[in-house]
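# Observations on chain architecture
In case you want the letters, here they are:
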Amino acid sequence: MTKNYNKGLHNPTCPFGKFFPSELNRDDLYYMQLAYNEAIDAWNENNVPIGAVVALNGIVIASDHNQVDSMRDPTAHAEILAINKASQYFGDWRLIDSTLYVTKEPCPMCAGAAIMSRIRRVVFAISDPKMGCLGGATNLNSLPNSNHRVKISSGVLEKHCRVLIQSFFKKVRIRE
């Protein structure tokens, strides 16, 4: 049976509020809060609430959220959309020295895109032991013949991101 998170949803409004981080301290928490805000937007569009931000030298280059269901596109993950926007911004597929912030550990497709685009660092909030490919289920970053590896940080804003995604799926199960 195919899951359609849009089916039968009358009130998609996310019950969680957005963050309004201070721009005075642009650290990992700041960017993850922006990614979390993108995840809220995904929820409000009836998509699985995952958000991503690409930053370079203290500037947000691109951000987006999961749109798989609304676009009916299996590749419309937050990371892929944000990486595509960042590539358009730079006019190059190489995102050297950039950092990708994402609310959940990237899947095989997204981890591969981060590595292939030469992103320097990936920061994610929650690990994914089923499909995460930067240490959760497996680690694409440890392929022995790869010519690029990303630095990985995890656990930033973990509690908030975990509650958000678990609440979304709880709502979906109740609806079914």
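Just so we're clear, the structure is a prediction, and the values are computed from it rather than from any experiment.

## Section: the packing of aromatic side chains
Summed over all chains, the structure comprises seven aromatic pairs. Between Phe19 and Tyr36 the ring centres are 5.0 Å apart and the planes differ by 70°, which places this aromatic pair in the edge-to-face class. Of this pair, Phe19 sits in the segment before helix H1 (28-44) while Tyr36 sits in helix H1, and the two are 17 residues apart along the sequence. The class of Tyr36 is buried, set by a relative accessible area of 3%. Measuring from centroid to centroid gives 4.9 Å for Tyr30 and Tyr31, while their planes differ by 85°, and the two rings are edge-to-face. As far as burial versus exposure is concerned, Tyr30 and Tyr31 are alike and both buried. Each residue in the set Phe16, Trp43, Phe168 and Phe169 is aromatic and connected to the rest through ring pairs, giving one cluster.

## Overview of the environment of Ile152
Within the secondary structure layout, Ile152 lies in strand S5 (residues 151-154). The spacing of Ile152 and Arg121 is 31 residues in sequence and 5.8 Å in space, taken between C-alpha atoms. Beyond its immediate chain neighbours, meaning those up to four positions away, Ile152 contacts Val122, Phe124, Leu134, Asn139 and Asn141.

## Brief notes about the UniProt feature "active site" (unreviewed entry) in the chain
Feature annotation in UniProt places "active site" (unreviewed entry) on Glu79, given in this structure's numbering. Within the secondary structure, Glu79 is located in helix H3 (residues 78-90). Residues contacting Glu79, with those up to four places away along its chain left out, are Ala52, Leu100, Val102, Lys104, Pro106 and Cys110.

## Focus on the side chain of Asp64
Examined against the element boundaries, Asp64 turns out to sit in strand S2 (residues 59-65). Of note is the side chain of Asp64, whose polar atom sits 2.7 Å from the side chain of Gln67. Within the local environment of Asp64, its side chain forms a polar contact with the side chain of Lys85, the two groups lying 2.9 Å apart. Those residues in contact with Asp64 that sit more than four places away from it in its chain are Glu38, Gly51, Ala52, Ala78, Leu81, Ala82 and Lys85.

Calculation notes
- Residues numbered from 1 in each chain as written.
- Predicted model: local features only at pLDDT ≥ 70, side-chain atom pairs only at ≥ 80, totals over all residues.
- Heavy atoms only, no water.
- Phe/Tyr/Trp six-rings, centres within 6.5 Å; stacked < 30°, edge-to-face > 60°.
- Helix = DSSP H or I, 4+ residues; strand = E, 2+ residues; numbered from the N terminus.
- Buried < 20%, exposed > 50% of the residue type's maximum accessible area, 1.4 Å probe, protein only.
- Contact = heavy atoms within 4.5 Å.
- UniProt positions renumbered as here; feature names shortened; annotations may be inferred.
- Polar contact = N/O pair within 3.5 Å; in protein donor to acceptor, adjacent residues only side chain to side chain.

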